[in-house]
Amino acid sequence: MAHLLLYRLLITLFALHALSRALRRDGRDVLRARLGGGSAPPDDRPHIWLHGASNGELASARPVIEALRDRRPDLPLLVTCNSTTGVEMVGRWNLEGVTARPAPVDLGWVARRVIRRWNIVAHVALESELWPHRLLNCPGPVILLGARMRPGTARLWHRFGGLGRRLLDHVTLASAQDPDSRDRLRALGLPARAEAPVMDLKSLYTPPDMAPDAALAEAFPRDQTWLAASTHPGEEEIVIAAHRKLQGSEPQSRLILAPRHPRRGAEVADLVSAAGLTLARRSLGEAPGGAQVYLADTMGEMPLWYALAGRVFIGGTLTDRGGHTPYEPAAFGAALLHGPDVANFRAPFTRLSKAGAASEIHDADRLATALHALAALDVRL
């Protein structure tokens, strides 16, 4: 009980910060949704509550959502997401019986309010989204899909003593993302009765019906274009240096640079300009023209960039972040390049490497060399 009280204290402090930010950045409607309010449910039927952290998790879970709707049309879904862009993405799917809302903060009274208002009968949490008040207050089955438990997160849960065990004892079914996550969930108290086969949710990814327009397709010939996808601080400098070197041997080469967090657009633009490269920014509506770097500092458009690029560097792999998904660029037939840190997707990266579909690089020189080698092979997977 003491550990639950500690969690309540910490989540209250977090909620104050999150709610203040929601009001400042997103307005009162999002604030009301974060508190479990806002527009009323479309009807009083029982709902399944499915939650994902961001666009990537929900895009991967779309086949699950569609299967649920096909098999149980009597059970509409409330889909929540931590990002407003994720909410907007689900809304664009126009799936009957699926309502998307900003995720509520995990205060006890807020979770109970959502469960009561939407008549929640089951909760599905994707990947790392283990929120105690949501899970413990759910009156029906609790399902974890593609559950991910990294070492640092496991250590944090252990500090909460019996709270993790109590939480996992409430889980009906858990499918871990990888064997290591499964073992860490076991160590935290996941009962054997709840274990399901290991499944990486992102392996279900199916490219959406989103194609570049004629102007983009003309500006970025696939065999001349490479993409740096979901980059983080410290990676953009390496990407930019590699592109400068690549242009020495491929002056016609085009770089689409898509930072993981588009709000860093101005910061990344300064790095490009400081390197002496010409730049166009997507967020400002600037046409790519002949710019050497096209800064894709927007949300929800990554499929466009995957479709345009024959070679993709996967961000988060030259830092300590464990790397981002290789499934999405692989689905578009791109040749993949990545750094050494692939902890989040070690198994698929290993399979891709053995198949000759992915190569590891460590610095700007090796990245430029690998890009040029792929161009010389005329890679068009």
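Residues numbered from 1 in each chain as written. Predicted model: local features only at pLDDT ≥ 70, side-chain atom pairs only at ≥ 80, totals over all residues. Heavy atoms only, no water.

Q: Just to check I follow, could you spell out the overall build of the protein for this structure?
A: Assigned secondary structure in the protein consists of 16 helices and 14 strands. Its C-alpha radius of gyration of 22 Å places the protein within 12% of the 21 Å reference for a compact globule of 381 residues. C-alpha extents for the protein along the principal axes are approximately 65 × 40 × 40 Å. Scored against the burial criterion, the 381 residues of the protein give a buried share of 52%. (Helix = DSSP H or I, 4+ residues; strand = E, 2+ residues; numbered from the N terminus. Rg over C-alpha atoms; globule rule 2.2 N^0.38 Å. Buried < 20%, exposed > 50% of the residue type's maximum accessible area, 1.4 Å probe, protein only.)

Q: Can you help me understand the pairing of strand β5 (residues 142-147) in this one?
A: Sheet faces and side chains relate simply in a regular strand, where the side chains alternate between the two faces. With 5 of 6 residues buried, β5 is to be regarded as a mostly interior element. Since strand β4 (residues 120-126) and β5 lie parallel, the crossover through helix α6 (residues 132-137) that links them has a hand, and here it is right-handed. Here β5 pairs with strand β6 (residues 173-176) via 4 bridges, running parallel. In the strand pairing of β6, A147 is matched with A176. (Right-handed = clockwise from strand over helix to strand, strands pointing away. Pairing = 2+ DSSP bridges.)

Q: What am I meant to see in the packing of aromatic side chains here?
A: The description of an aromatic ring pair uses the distance of the two centres, along with the angle that the planes make with each other. According to the stated counting rule, one finds 6 aromatic pairs in the structure shown. Each ring, one from W157 and one from F160, has its centre 6.1 Å from the other, and the planes form 55°; the classification is tilted. In this structure F160 comes out as buried when scored by relative accessible area, which is 10%. Of the aromatic side chains, those joined through ring pairs into one cluster are Y7, W157 and F160. (Phe/Tyr/Trp six-rings, centres within 6.5 Å; stacked < 30°, edge-to-face > 60°.)

Q: Would you explain the environment of W305 in this entry?
A: By the secondary structure assignment, W305 is in helix α13 (residues 302-308). When the C-alpha positions of W305 and I238 are compared, they lie 19 Å apart, and in sequence the two are 67 residues distant.

Q: In this structure, what is going on with the sheet that holds β6? I would like to understand it.
A: What links the strands of a sheet is backbone hydrogen bonding, and the strands pair in either a parallel or an antiparallel sense. Pairing in this open sheet of 7 strands is parallel, and the strands run β3-β2-β1-β4-β5-β6-β7 from one edge to the other. Only two strands of the sheet have a single neighbouring strand rather than two, namely β3 (98-102) and β7 (195-196). Pairing analysis gives 5 bridges linking strand β1 (residues 47-52) to β4, with the strands arranged parallel. Across the sheet, the residue bridging to H47 is I120, located in β4. Across the sheet, helix α9 (residues 179-188) lies against β5, β6 and β7, angled at about 140° from β6, the strand it touches most. (Contact = heavy atoms within 4.5 Å. Axes fitted to C-alpha atoms, helices over the stretch in contact; angles between N-to-C directions.)

No statement about biological role is implied by the geometric values presented.
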